[in-house]
Amino acid sequence: ALQKERRDSSRTQAEMDEMYLDICDSRIEKLKKDAVRVTGDEERKQAEAALATEINRRSGLEDKRTSPCRLWANDTTPEALVENMARQDGRMAILDTEPRFLKIMAGGAGKKGGNPDPSVMLAGYDQDAGSRDRITNRTEVILEKPSLTIGIFTQPKRFASIAADNVEMDEGGAWGRFFYSVPTETRYRSREITRVTEAITAEHDARVRAMFRVLYD
């Protein structure tokens, strides 16, 4: 609910910023075509100067662009996670009741799987600066001080199946960066349910919002 509230409050400005960037992109494409058509040296210099000015203007808008608030994700790829973290000043959380993110990091996504790529997870723990290049528009995503919090609430056997015989994740120290909490009894589940009171729910909500204000406001 908190994430939705913050996203809704910033959506209008984010859409306006995106529109201005689209306008800049259109101008840049037009200026490129104009620069190609000119023949004289003086005209070419003027066209190149106008193009450089517009590119710099777009870069300034990109730096100030408002991004919709994103506090957490679950089913995401390393590439998408890096971009989302860059839009949120390098901060993001992975919260899930399934180990989907760990499976992706360990190279188990897709029908045939892939190579383990825990780099963003390790950098988010150590706050190591880094960047990733985007081939589509030849730009790079820079994380100066990444901070990634991961909370996975799943059955021990499911985690064990992902962690088994994965040298890259094991030797790279990925598994050693977690705190583990395992129930004392995992063979049976009690059918008795302890209801969470409204008072506890309200206090939890208030504390989460207070923590959020410290971090983001």
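Residues numbered from 1 in each chain as written. Predicted model: local features only at pLDDT ≥ 70, side-chain atom pairs only at ≥ 80, totals over all residues. Heavy atoms only, no water.

A. Region of the structure containing helix α2 (residues 41-64). In this model, α2 (24 residues) spans 35 Å end to end at C-alpha, consistent with the 34 Å of a helix rising 1.5 Å per residue. All of the buried residues along α2 are Ala 47, Leu 51 and Glu 54. (Helix = DSSP H or I, 4+ residues; strand = E, 2+ residues; numbered from the N terminus. Expected span 1.5 Å × (residues − 1). Buried < 20%, exposed > 50% of the residue type's maximum accessible area, 1.4 Å probe, protein only.)

B. Seen up close, the side chain of Thr 76. In this fold, Thr 76 is placed in the loop between β1 (72-73) and α3 (78-87). With residues near it in sequence (within four places) discarded, Thr 76 still touches Leu 81, Ile 94, Phe 101 and Ile 104. (Contact = heavy atoms within 4.5 Å.)

C. Seen up close, helix α6 (residues 156-163). Taken together, the buried positions of α6 are occupied by Phe 159, Ile 162 and Ala 163. For α6, the angular spread of the buried residues around the axis is 95°, confining them to a single face. In α6, the exposed positions that point more than 90 degrees away from the buried face belong to Lys 157 and Ser 161. The inward-facing, buried residues of α6 contact α4 (100-105). With its phi angle positive at about 55°, Asp 165 sits one or two positions after the end of α6. (Arc of directions from axis to C-beta.)

D. Geometry of a nonpolar patch on the surface. Together, Met 16, Met 19, Tyr 20 and Ile 23 line one region of the surface with nonpolar side chains, adding up to about 330 Å² of accessible area. For Met 16, the location among the structural elements is in helix α1 (residues 2-37). (Patch = residues over 30% accessible without salt bridge, like charges linked within 9 Å, V, L, I, M, F, W, Y side chains within 5 Å. Areas by Shrake-Rupley, 256 points an atom, 1.4 Å probe, with all protein chains shown as cover. Salt bridge = Lys/Arg side-chain N within 4 Å of Asp/Glu carboxyl O.)

E. The packing of aromatic side chains, seen in detail. The full count for this structure, using the stated rule, is three aromatic pairs. Seen in terms of ring centroids, Phe 159 and Trp 175 are 5.2 Å apart; in terms of plane orientation they differ by 80°. Their pairing is edge-to-face. With Phe 159 in helix α6 and Trp 175 in the loop between α7 (167-171) and α8 (198-216), this residue pair connects regions lying 16 residues apart in the sequence. Judged on exposure class, the residue Phe 159 and its partner Trp 175 are both buried. Seen in terms of ring centroids, Phe 178 and Tyr 180 are 6.2 Å apart; in terms of plane orientation they differ by 45°. Their pairing is tilted. In this structure an aromatic cluster arises from ring pairing among Phe 159, Trp 175, Phe 178 and Tyr 180. (Phe/Tyr/Trp six-rings, centres within 6.5 Å; stacked < 30°, edge-to-face > 60°.)

F. Local environment of the environment of Ile 162. Summarising the element assignment, Ile 162 is placed in helix α6. In sequence terms Ile 162 and Pro 99 are 63 residues apart; their C-alpha atoms lie 8.5 Å from each other. Other than its neighbours up to four places away in sequence, Ile 162 contacts Pro 99, Leu 102, Lys 103, Ala 106 and Trp 175.

G. Geometry of the confidence of the model for the chain. The predicted model of the chain has a mean per-residue pLDDT of 81, with 87% of residues at 70 or higher. Averaged pLDDT values for the elements of the chain fall to 69 in strand β3 (residues 130-134) and rise to 90 in strand β5 (residues 147-152). (pLDDT = per-residue confidence, 0-100.)

H. Fine view of the pattern of salt bridges. For the coordinates displayed, the defined rule picks out 13 salt bridges. Between Asp 96 and Arg 100 there is a salt bridge, and its shortest N-O distance comes to 2.9 Å. Under the relative-accessibility criterion, Asp 96 is labelled buried at 7%. Given the relative accessible area of 34%, Arg 100 is considered partly exposed.

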